[in-house]
Structure formats: structure tokens, C-alpha cells
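Read off the chains here:
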Amino acid sequence: MELSLQGKNALVCGSTQGIGRAIAELFAAAGASVTIFARDRLRSETVRSQLPTPAQQQHDILVADFTFPDQVAQVLQHHLTQTGRTYHVLVHNTGGPPPGKLAEAPIEAFEQAFRQHLWTAHRLMQALLPGMRAEGYGRILLILSTSVRQPLEELGVSNTVRAALASWMKTLSVEVAPWGITVNAILPGSIRTRRLEELWHYQAQRTGTSVEDIIARTVAQIPVGRLGQPEEVAMVALFLASPAASYITGVSIPVDGGRTRCL
């Protein structure tokens, strides 16, 4: 099974922490030249300096705030023009919308969520697609959520925008398949990240229970009996980004310890 990414350029968004960082590290270890795309320059520089270079590859950073899709597109386009670089892999990963009930969500929350998630994914795809098509190789990966399969409580806006992205992914996968480009989504479940910890604190405050109780309740719903680690999501991303996954496209793969039980 060919899981090497040597000779490939990968753009990994939201890669200064959590799942995004784990993916950047694993891709680099597999030989890819990784460009970190995040809003914090100092953190990005720190992560870049720590990425492995088994193939003596060079890593890069781009800085933009994903709540401003035009800024994201401009930064990437300037980078492509200046470097002439072609990217073979795009990992779209960005922070989730604030928690809350759908019925209570202001319309502005949806506007921001769609800008940050769907609009940036579309702008990045359009910028990188010509290069992928010319290379005859492309991997577009979305880091979404198991809410695509089974909506999560108190995450009304997030459930909505991630479902829209899943539909975007399936539609795009059909259009670009003849060019050797695949488009897939990974659906993390309860993965131990800062985002999950923030949600635990929100739930504890809203329900008047302790964070420890929330964690215990969460783990009790997971058949494997534990929380996931970012590296376990990254392993799935590496497979989907590799030549080995050339016949897999248009699918959403849960990485959740068996918690999601619906189709």
C-alpha cells in the first residue's frame, strides 16, 4: 500500500493545533511539503519549525483569518503567483461555530459560519483545482463532524453548515473525478481537542453539572470506551490523501469509536 506523499505539496488549514496539526505532522513525516494555513503567525512558525523533513522537503506558512473568505483567497492567490507552486492535497479544517440551540441562533451566526466554512472551502478549491487537474492528481479533504450523519445537541449552526459542506463535497466529487481528483470528508467524533474541551465546559455550565460528569457521559456512549486522539484522525487523512485511495471519492468517513450508529 503506497502511503508516501513524497513529491506532493499539501495545504493544511487550521494546522497549529489539534486535528489540523496532527495531519500536518503526519503528512510531513510521509514526505509531503506542507504549507500551514492559519491565522496565528507565531504559532504557525513554531509548528513549521517542528515538522519532520525525511525527504529534505521545505515547509511553508500562510496567514489569514478564515472568517474573511476574500482575505483567505487573496493570500493564497498571491502565494501561488509568487511561487508558481502546484498543490496536490487540500485539507480544509477550521474552527467550529459557537454552540447553542438552533431555534435561538441569530441569522448572523449562520452568515459567519457559511463564510468561514463553505465559502472558504469553495475559494480554496477554485484556486487549487487548475493545478490538480494539470497534475492529474488531487485530494480534497474536509474535516467535518459526525453531525453530518447524526445531528448533535446544542450545535444547531454547526450541524447546519457541516451538512451543507457534505453536500458540496459529494457534488464536487462527481465533477472532478475524471481528472484524477478525489473529494472526501472525515467525520471526527469525540476527539480530545481544545474545541471538545470548550464544548464540555459549555455543556457543564448550561446543565449545572461538572465537566467530569460530561466526560463520563460522553465516554459511556462510545463503544470502544475512550476518547479519540487527533493522530487517529490524521491516519485516515493520510490514507485518503495517498495514491492508495485513488478509488475512494464522495464519501464521509466517521472516526468516532463506533458512536455513530445511523447510516
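The preceding data block contains the structure.
Rules used throughout
- Residues numbered from 1 in each chain as written.
- Predicted model: local features only at pLDDT ≥ 70, side-chain atom pairs only at ≥ 80, totals over all residues.
- Heavy atoms only, no water.
- Phe/Tyr/Trp six-rings, centres within 6.5 Å; stacked < 30°, edge-to-face > 60°.
- Helix = DSSP H or I, 4+ residues; strand = E, 2+ residues; numbered from the N terminus.
- Lys NZ or Arg CZ within 6 Å of the ring centre and 35° of its normal.
- Pairing = 2+ DSSP bridges.
- Right-handed = clockwise from strand over helix to strand, strands pointing away.
- Salt bridge = Lys/Arg side-chain N within 4 Å of Asp/Glu carboxyl O.
- Buried < 20%, exposed > 50% of the residue type's maximum accessible area, 1.4 Å probe, protein only.
- Axes fitted to C-alpha atoms, helices over the stretch in contact; angles between N-to-C directions.
- Parallel < 35°, antiparallel > 145°, perpendicular 65-115°, else oblique.
- Left-handed = near helix turned anticlockwise from the far one by under 90°.
- Contact = heavy atoms within 4.5 Å.
- Polar contact = N/O pair within 3.5 Å; in protein donor to acceptor, adjacent residues only side chain to side chain.

Caption draft 1: The arrangement of the packing of aromatic side chains in detail. Counted by the stated rule, this structure contains 1 aromatic pair. Look at F37 and F66: their rings are 5.3 Å apart centre to centre, the planes differ by 80°, and that puts the pair in the edge-to-face class. Of this pair, F37 sits in strand β2 (residues 33-38) while F66 sits in the loop between β3 (60-63) and α3 (69-83); the two residues are 29 residues apart in sequence, bridging distant segments of the chain. The positively charged end of K8 is found above the aromatic ring belonging to Y137, 4.6 Å away from the centroid.

Caption draft 2: Structural detail: the pairing of β3. Relative to β3, β2 runs parallel, the two sharing 4 bridges. From the neighbouring strand, I36 faces β3, where its bridge partner is I61. For the handedness criterion, the β-α-β arrangement of β2, helix α2 (residues 41-50) and β3 is classed as right-handed.

Caption draft 3: Summary view of the pattern of salt bridges. Tallying each qualifying case throughout the model produces 11 salt bridges. In this structure, the salt-bridge partner of D70 is R123, at a minimum N-O distance of 2.7 Å. On the criterion of sequence distance, the pair formed by D70 in helix α3 and R123 in helix α4 (residues 107-135) is long-range, its members being 53 residues apart. R206 is paired through a salt bridge with E154; the nearest N and O atoms lie 3.0 Å apart. Residue R206 is found in helix α6 (residues 194-207), and its partner E154 is found in the loop between β5 (138-143) and α5 (156-176); the two are separated by 52 residues along the sequence. On the basis of relative accessible area, E154 is assigned to the buried category, the value being 18%. Through salt bridges with shared partners, a single ionic network connects E45, R48, D60 and R85.

Caption draft 4: View of the packing of α4 against α5. It is at 9 Å that the axes of α4 and α5 come closest, and there the two elements cross at 20°. Classified by the angle their axes make, α4 and α5 are roughly parallel. Of the two elements, α4 crosses α5, and the hand of that crossing is right-handed. Contacts between α4 and α5 involve A109, F110, A113, F114, H117, L118, A121, H122, M125 and L129 on the former and, on the latter, V157, T160, V161, R162, A164, L165, W168, L172 and V176.

Caption draft 5: The environment of A28, seen in detail. Here A28 is to be found in helix α1 (residues 18-29). Between the C-alpha atom of A28 and that of R48, which follows or precedes it by 20 residues, the distance is 9.9 Å. In this structure A28 touches V34, L51, P52, P54, Q57 and H59, once residues within four positions along its chain are discounted.

Caption draft 6: Summary view of unusual backbone geometry. The phi torsion at Q56 lies on the positive side, around 55°, for a residue other than glycine. Within the secondary structure, Q56 is located in the loop between α2 and β3. Classification of Q56 by relative accessible area gives exposed; the value is 63%.

Caption draft 7: How the structure looks around the side chain of R139. Along the chain, the position of R139 falls in strand β5. A polar contact of 3.3 Å, which involves the side chain of R139, links it to the backbone oxygen of S242. Not counting residues within four places of it along the chain, the set of residues in contact with R139 comprises H88, V89, L90, M132, G180, T182, L240, A241, S242, P243, A245 and S246.

Caption draft 8: Inspection of the environment of G136 at higher detail. Structurally, G136 is set in the loop between α4 and β5. Along the backbone, G136 and I181 are 45 residues apart, and their C-alpha atoms lie at a distance of 7.2 Å. Excluding its chain neighbours within four sequence positions, the residues that come into contact with G136 are W179 and G180.

Caption draft 9: Molecular detail of the side chain of S44. Locating S44 in the fold gives a position in helix α2. The class for S44 is buried, based on a relative accessible area of 0%. Apart from the residues lying within four places of it in its own chain, the contact partners of S44 are T16, I36, A38 and I61.

Interpretation in functional terms is not warranted from these geometric data alone.
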